[in-house]
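Each chain, letter by letter, is given below.
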Amino acid sequence: MEIQELNDLSPLRVFDDSLGGGLGRGNLGVLVSRHGVGKTACLVHLATDKLLRSEHVIHVSFSGNVEHVINWYKEVFREVSNGRSLDDAASVYNNILSNRVVMNFSQENVTIDKVLSSLETLIKHGSFKADAILFDGYKLTVATEDDVKKIKQFALDMNLEVWFSVSPVRADVVYDKYGVPNTMMKYVNLIDVLIGLIYNEERDKVIMTIVKSPNSAFEKPMGVNLDPKTMLISK
Amino acid sequence: MADLQHMRNIGISAHIDSGKTTLTERILYYCNKIHEIHEVRGKDGVGATMDSMELERERGITIASAATNVTWKDTEINIIDTPGHVDFTIEVERSLRVLDGAVLVLCSVAGVQSQSITVDRQMKRYHVPRIAFVNKCDRTGANPYRVQKQLVEKLGLNAVLLQIPIGLEDKLEGVVDLITMKALYFDGGESMDQMREAEIPAELLAEAQAKREIMLDSVSMCSDELMEAMLEDTVTEDLLRTAIRKATIALELVPVLMGSAYKNKGIQALLNGVLSYLPNPGEVTNKALDLDNNEKEVILPSDENLPPVVLAFKLEDGQYGQLTYIRVYQGKIKKGDELYNTRSHKKFRVGRLIRMHAADMEDLNEAGCGEIAALFGIECASGDTFCDPKFNYSLSSMFVPTPVISLAIKPVDKKAADNMGKALNRFTKEDPTFRSFVDPESNQTIIQGMGELHLEVYVERMKREYKAEVEIGQPEVAYREAITQRADFNYTHKKQTGGSGQYARVAGYIEPLPDPVEGEEVKEYIFTDEIKGGSIPTEYIPSCDKGFQMAIKKGSQVGFPVLGIRCVVNDGAWHPVDSSDQAFQTAALNAFREAFEKAKPVILEPIMKVEVVAPTEFQGSLFASINQRRGIIISSTEDHAMCTVYADVPLSEMFGYSTSLRSLTQGKGEFTMEISKYGRVPMGVSEQLKKDYIEKRKKDQK
């Protein structure tokens, strides 16, 4: 199968449709759930889909090991390309690699100003025309309102999409039926899209629900969910 | 004869500038091999004892792995000082092959760096048990705990702290030994540098106990005995040491020790650690390949009474003549013994047998099992196996990477030309990653190696050691050629010039092989015979294969070998009188050239995996410098004040990068690189390369 066809058939098209055509530049999107539900995989799948459509992405991580992130990309790409028997997968992978940069901050409590200035440096001095930035494991639930506003401004200035994967830091949070923790609610007005992920035992799927989006005031199911085996977004 | 129990063969390897040579120097000092300490870049101009080559002293780097023998507490330790620069990795690999254990030196500030990762990967390949030594704990920003965490996270090692520091940075006083629960200070004795045991300072006691618990937990995961003893609360020092030793040798655990070589702290404890946790030659299984029995693996027991098997792992042309460093794996060798070189199939007698100390030597009558010694005047190449004439064993071949860079050299006069020949002959024997040949087209002597510095060092050595003054050309990258699509060929080779003619027709196609999946070897060439009905007789099929192989040696775009290609013949024609082996070879060669042009050929260039480290304020300049060099930034990590950028950059763009990096970062940045893969050269660049190639050919033909 060719890339074009693979992209057309991708479950991510359904994902975008249910958001009324994707997140859109200048907007902030959040994937939220408990730990270990598969947010990182989901985020990497989002990024891989963008890469396959020739977009440039920056993956921001806060772990000690960049290798792990890179392995996630390898794994997700393999699942996606094997599932659709993509033509010449190895060279496609090598080509899309040049459109991805992993930016890692291993130091604890790095300020958002620092992160944004490094991103700006990369985009300007590194001539890397990013279309989307993915924050993996950013502690949004403890960020201040100001921090989130700065990120929003950055997304507008640079004209790019920003996605977050978020898990609550504290142990005593309460989750609603969509998997959204109560600590998240105070940010709802600052972000544009909020998607909750929760594991449903009966269906053996991770259910994805749009809790907030610009064109709908009510919660609605996404039409896609996360397969717990492959950890990929699927129809 | 030394008892195997009391022998260790160890290596010391690490990232450049982590202080290996200083550490080795201190070990020599404490083992009473030298009487005073000279710094690597000391002001006294004597230099460190291990860096015996003049050039090494000048540059403050260690090139050749000098083997040295010391004694610590009745145990003989053979130390191989290994180079840290990535261009000289072959030296590291060779020394690892003969080691039973290693000390991985890490800088307490910089932590696990790219070179540490490379070295660690090599150690894994050769199953070398290791101890980690966190050096430079006296430096500003030192943090051994962070280094231990990195060993776990970045290298995936089960690194366990056996010590904690007493004070850090300029307040470093000593370490707490978590096994004996004693504080170790290094200010005892007359010279104020001997080890002194004392009680743990009160303010550190709680922390030491907590860290000891963590250490016990990790070690007990590898040892049931210790687990039981912990439950019964009968843990003894000996039991603990035995458990750590077993786990270390089984590669399940890496003990972490610390100190500062420069400040003489922690060295004695490290030596004790080498004795306690690294294996003796008898505890390591060594294997050889039996060449008479289809390369079947045979185990070499460390038994002195068996016939000898010896590996020559390093050649050196010193002031005393040719020296061959050897390791005895089985049996023992005596002066006058007859040995058989299984590569050259030659027999020789053991002449002078010596043991090397950093700069002087000691004569031996025999070398026993597990020992490292050196022979004089033996004609061989490094990596050769010598054994009893009864055997035909070869110690497994060592992994040799292919050179990525070449340089044309021209001697200045007749005398230099003679000397240059001698030097090249010697260097290519010493170092398998260094090659030299004469280009038949330009008649120039070309040397090839692993990087700019690698070749530079050899050019310097030619000048100094062989008085061969040479002019050097521009360094050249080892390009490759490839095709991107299938193309058919149908070529008839016909010649009728009196006498017997030549006739052959070959038809078929060439196609690119799919890109290798990561980690897989690049396949260079596959030949497929799809002839049906005998349109080319079987006897001429190998001729076609040969013809193609000749053709791929030199692609038609820039004259470099063609990679990743499949040649298929499916039709042809022959003539009972005029067809010959030669005719089919020529036909295949020309058929290939014809099809190659149609197959949209491209040029490939070596892409280097580059790691650049500099203070964060230079991040923008780093990004820009990589971007200007057609590099792709893979990742960037910020850790406190430092920023590390990993990128894939074409080798051709990396020439002179060290100079520009220095000026970009006010001398605070450093970088390392190694070959990662071959990648396509972009259009603009490849047009230029083709033009240059055509011009060069014209010039050479004149």
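Report follows, based on the coordinates.

1. A short note on the interface of chain B and chain A
Right, on to step 1. At the junction of the two partners, chain B supplies 21 residues and chain A supplies 22 residues.
Right, on to step 2. Put simply, the parts of the chain that give the side of chain B that touches chain A at least two residues each are α5 (144-155), α14 (619-628) and β36 (632-639) of chain B.
Right, on to step 3. No other element matches the eight residues that β36(B) contributes to the side of chain B that touches chain A.
Right, on to step 4. Partitioning the side of chain B that touches chain A into residue classes produces eight nonpolar, seven polar and six charged.
Right, on to step 5. In the sheet, strand β3 (residues 100-105) of chain A pairs with β36(B) via four bridges, with the strands oriented parallel. Looking at the pairing, Phe105(A) lines up with Glu638(B) of β36(B).

2. Topic: the pairing of strand β8 (residues 174-177) of chain B
All names here are of chain B.
Right, on to step 1. Bridge count between strand β7 (residues 163-166) and β8: four bridges; the pairing is antiparallel. Across the sheet, the residue bridging to Ile166 is Gly174, located in β8.
Right, on to step 2. Where β8 hands over to strand β9 (residues 182-188), the hairpin turn is made up of four residues, of which Met181 adopts a positive phi near 55°.

3. With respect to unusual backbone geometry
Residues and elements named next belong to chain B.
Right, on to step 1. A positive phi angle, near 60°, is found at Leu251, a position not held by glycine.
Right, on to step 2. Along the chain, the position of Leu251 falls in the loop between α8 (237-249) and β11 (254-258).
Right, on to step 3. A positive phi angle, near 60°, is found at Arg630, a position not held by glycine.

4. Section: the sheet that holds strand β10 (residues 194-198) of chain B
Each strand in a sheet pairs with its neighbour through backbone hydrogen bonds, running either in the same direction (parallel) or in the opposite one (antiparallel).
All names here are of chain B.
Right, on to step 1. Taking strand neighbours across the sheet as the criterion, the four strands line up as β7-β8-β9-β10 in an open arrangement whose pairing is antiparallel. What marks the edges here is a single partner per strand, and that holds for β7 and β10. Taking the axes of each pair of neighbouring strands and ignoring which way they run, one obtains an average angle of 35° across the sheet.
Right, on to step 2. In terms of strand pairing, β9 meets β10 through four bridges, oriented antiparallel. Looking at β10, one finds that Ala183 is bridged to Ala198.

5. Topic: the packing of helix α10 (residues 414-430) of chain B against helix α11 (residues 452-466) of chain B
Residue and element names in this part refer to chain B.
Right, on to step 1. The contact between α10 and α11 brings their axes to 10 Å, and the two run at 120°. Between α10 and α11, the crossing angle belongs to the class labelled oblique. In the crossing of α10 with α11, the sense of the turn from one axis to the other is right-handed. Where α10 abuts α11, its residues Asn419, Met420, Lys422, Ala423 and Phe427 lie against Tyr458, Met462 and Tyr466.
Right, on to step 2. When the residues that make up the contact of α10 with α11 are grouped by side-chain class, the tally is six nonpolar, one polar and one charged.

6. So, the sheet that holds strand β33 (residues 525-529) of chain B
All names here are of chain B.
Right, on to step 1. Spatially, four strands are ordered β31-β32-β34-β33 in an open sheet, and the strand pairing comes out mixed. Edge positions in the open sheet fall to β31 (487-495) and β33, since each of these has one partner strand only. Between one strand axis and the next, the sheet turns through 25° on average, direction left out of account.
Right, on to step 2. Contacting β32 (502-512), β33 and β34 (565-573), helix α12 (residues 541-552) runs over the sheet at an angle of about 155° to β33.

7. Some details on the environment of Gln122(B)
Residues and elements named next belong to chain B.
Right, on to step 1. Locating Gln122 in the fold gives a position in helix α4 (residues 114-125).
Right, on to step 2. The class for Gln122 is partly exposed, based on 19 C-beta atoms found within 10 Å.
Right, on to step 3. Spatially, the C-alpha atom of Gln122 lies 7.7 Å from that of Leu96, the residues being 26 residues apart in sequence.

Definitions and cut-offs
Residues numbered from 1 in each chain as written. Chains lettered and ligands numbered in written order. Predicted model: local features only at pLDDT ≥ 70, side-chain atom pairs only at ≥ 80, totals over all residues. Contact = placed C-beta atoms within 7 Å. Helix = DSSP H or I, 4+ residues; strand = E, 2+ residues; numbered from the N terminus. Nonpolar A, V, L, I, M, F, W, Y, C, P; charged D, E, K, R; others polar. Pairing = 2+ DSSP bridges. Axes fitted to C-alpha atoms, helices over the stretch in contact; angles between N-to-C directions. Parallel < 35°, antiparallel > 145°, perpendicular 65-115°, else oblique. Left-handed = near helix turned anticlockwise from the far one by under 90°. Buried ≥ 20, exposed ≤ 12 C-beta atoms within 10 Å, placed from the backbone.

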